[in-house]
Amino acid sequence: MSANAVWLNTKLATMVGEGYGKIDDGAIAVDQGRIAWLGSRGDLPAEYRKLPRHDCGGALITPGLIDCHTHLVYAGNRAAEFEQRLQGARYEDIARAGGGIQSTVTATRAASEDELLAQSAKRLSAMIAEGVTTIEIKSGYGLDLANELKILRTARRLAAHSSVEISTTFLGAHALPPEFAGRADDYIAEVCDHMLPSIAAEALADAVDAFCENIAFTPAQTARVFDAAKRFGLPVKLHADQLSDSSGAALAAQYGALSADHLECTSAESVRAMAQAGTVAVLLPGAYYFLRETRLPPIAELRAQRVPIAISTDCNPGTSPCTSLLLMLNMACTLFRMTPAEALAGVTRNAALALGLNDRGQLVAGMRADFALWDVRHPAELSYAFGANPCVARVFAGDRDD
Ligand code: NIG
Ligand code: FE
């Protein structure tokens with residue numbers, strides 16, 4: 001259990017309200033891993049004045065960052081495919097020729113659980129070093145029960161070994177495995193009637209995702225996966241409208257999905273459906289950049305409909321081999337024209353919403369004491385600089401990393 005303490009001599013970006021929710025000379029009192037009180041230092045209640053003090057030296061404190069969409073557990077890499085794409089091959093063509101996701105499936109199936117853990121732990125450490133305290137990790141590179149279980153167990157083991165919370169997502173419907181070639185409906189039946197029940201029985205998934213796309217699964221197949229998830233009481237989310245518009249975001253909204261992710265090709269009509277359903281938009285500027293996409297997600301429409309926008313790395317070997325959530329802040333601004341305040345909300349408050357977690361993502365009394373200390377004067381600097389890491393400390397459930 002964490003030590004109760006007060007954090008002083010800090011500027012706070014609470015992320016409460018529309019902007020940063022700044023408090024200039026702030027203080028945070030932590031009690032049993034939760035924020036007990038926060039506000040201006042001068043208002044610190046007497047009961048907290050006797051607690052041990054951490055002098056933050058003027059550092060900015062934000063909520064711990066939340067990476068709400070990653071495929072962090074995989075083996076190998078796809079540098080060769082990157083070279084092919086630079087010579088003109090398209091992502092879809094490589095996938096149709098049996099490369100792409102399938103090549104990572106081959107490498108991941110071949111890796112032992114310990115190898116997978118070791119390779120993934122390096123990526124996790126890089127994320128943690130940038131102030132991340134909660135990460136979502138999807139399966140989807142196993143595509144059979146044993147290997148999907150191996151990935152999800154690895155994600156759970158990573159959480160047990162690190163000071164980070166990991167939310168797991170079953171993405172069995174990510175691609176069609178070769179043993180089901182030409183039998184996509186049979187594979188969906190395998191996902192719904194065999195894989196998901198076993199994964200749910202071991203409580204290895206906190207949510208269910210699918211890849212709804214012409215190189216992956218149809219809306220009707222996706223709906224079958226969502227129906228199965230409902231039977232097990234699991235929330236759903238969707239890789240939607242990344243390469244083409246199949247009204248995936250509207251389908252996600254129809255199922256009350258936590259989030260619809262990517263959205264480069266999403267229509268205004270689907271955005272309205274998301275707004276009505278309270279489905280969060282998760283934008284992934286790393287994948288947009290790495291695939292050299294030119295069609296932007298419908299940012300203006302998302303804003304107009306007041307759909308919460310989250311930002312994430314999409315950390316994966318094919319479309320976003322990246323562990324830097326800070327770089328995504330910069331890309332959200334430069335590529336998507338989001339404001340630095342919107343970008344920071346995207347990796348804190350709105351990322352928590354995308355995971356259905358209401359105990360984090362803002363600095364508010366009662367929430368988890370997960371926060372990050374930054375050597376910057378203003379929160380906009382977190383989006384402004386790229387390739388730098390101004391994180392000076394990270395606090396997880398009240399405990400400061402050594
Ligand atoms: O989020 N779009 C589908 N899934 C991943 C990419 C997976 C891969 O290429 O390995 C994504 O972009
Ligand atoms: Fe993804």
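Residues numbered from 1 in each chain as written. Chains lettered and ligands numbered in written order. Predicted model: local features only at pLDDT ≥ 70, side-chain atom pairs only at ≥ 80, totals over all residues. Heavy atoms only, no water.

Draft legend 1. Expanded view of the overall build of the protein. Per the secondary structure count, the protein includes 16 helices and 16 strands. Relative to its length of 402 residues, the protein is compact, with a C-alpha radius of gyration of 21 Å against a globular reference of 21 Å. Dimensions of the protein, computed from the C-alpha atoms along their principal axes, are close to 70 × 45 × 40 Å. Here the protein, with 402 residues, has 58% of them falling under the buried criterion. If you take every contact in the protein between residues at least 6 apart in sequence, the share linking residues at least 24 apart comes to 71%. Counting only carbon and sulfur atoms, one obtains 51% of the accessible surface of the protein, whose full area is about 15200 Å². (Helix = DSSP H or I, 4+ residues; strand = E, 2+ residues; numbered from the N terminus. Rg over C-alpha atoms; globule rule 2.2 N^0.38 Å. Buried < 20%, exposed > 50% of the residue type's maximum accessible area, 1.4 Å probe, protein only. Contact = heavy atoms within 4.5 Å. Areas by Shrake-Rupley, 256 points an atom, 1.4 Å probe, with all protein chains shown as cover.)

Draft legend 2. Spotlight on the nonpolar core. Counting residues in each nonpolar core, the largest one holds 100 residues, and the members touching the most others are Leu283 and Trp374. Those residues within four positions of Leu283 in sequence are excluded, and the remaining contacts are His262, Leu263, Pro297, Ile299, Leu302, Ile309, Ala310, Ile311, Ser312, Phe336 and Met338. Core analysis: the next-biggest nonpolar cluster, separate from the first, contains 17 residues, Ala5, Ile23, Leu38 and Ala369 among them. (Core = buried A, V, L, I, M, F, W, Y, C linked by side-chain atoms within 4.5 Å.)

Draft legend 3. Highlighting the site of ligand 1. If you check the shell around ligand 1, you find 15 residues, and the closest are Arg78, Tyr91, Tyr141, Gln242 and Thr319. Side-chain polar atom of His71 to an oxygen atom of ligand 1: 3.3 Å apart, as the coordinates give it. At 2.9 Å, a side-chain N or O of Asp314 approaches an oxygen atom of ligand 1. Taking 330 Å² as the accessible area of ligand 1 by itself, protein coverage stands at 100%. For the shell around ligand 1, the class distribution of residues is 4 nonpolar, 9 polar and 2 charged. (Near = heavy atom within 4 Å. Polar contact = N/O pair within 3.5 Å; in protein donor to acceptor, adjacent residues only side chain to side chain. Nonpolar A, V, L, I, M, F, W, Y, C, P; charged D, E, K, R; others polar.)

Draft legend 4. Here's a closer look at the sheet that holds strand β13 (residues 309-311). If you walk across this open sheet you meet the 8 strands as β6-β7-β8-β9-β10-β11-β12-β13, and the pairing is parallel. Edge positions in the sheet fall to β6 (65-67) and β13, since each of these pairs with one other strand and no more. Pairs of neighbouring strands in the sheet enclose a mean axial angle of 25°, with direction left out of account. In this sheet, strand β12 (residues 280-283) lies alongside strand β11 (residues 259-262) in parallel orientation, the contact comprising 3 bridges. Bridge assignment links Ser259 to a residue of β12, and that residue is Val280. Each of β6, β7 (132-138) and β8 (165-173) is contacted by helix α5 (residues 113-128), which is oriented at about 145° to β7, the strand it contacts most. (Pairing = 2+ DSSP bridges. Axes fitted to C-alpha atoms, helices over the stretch in contact; angles between N-to-C directions.)

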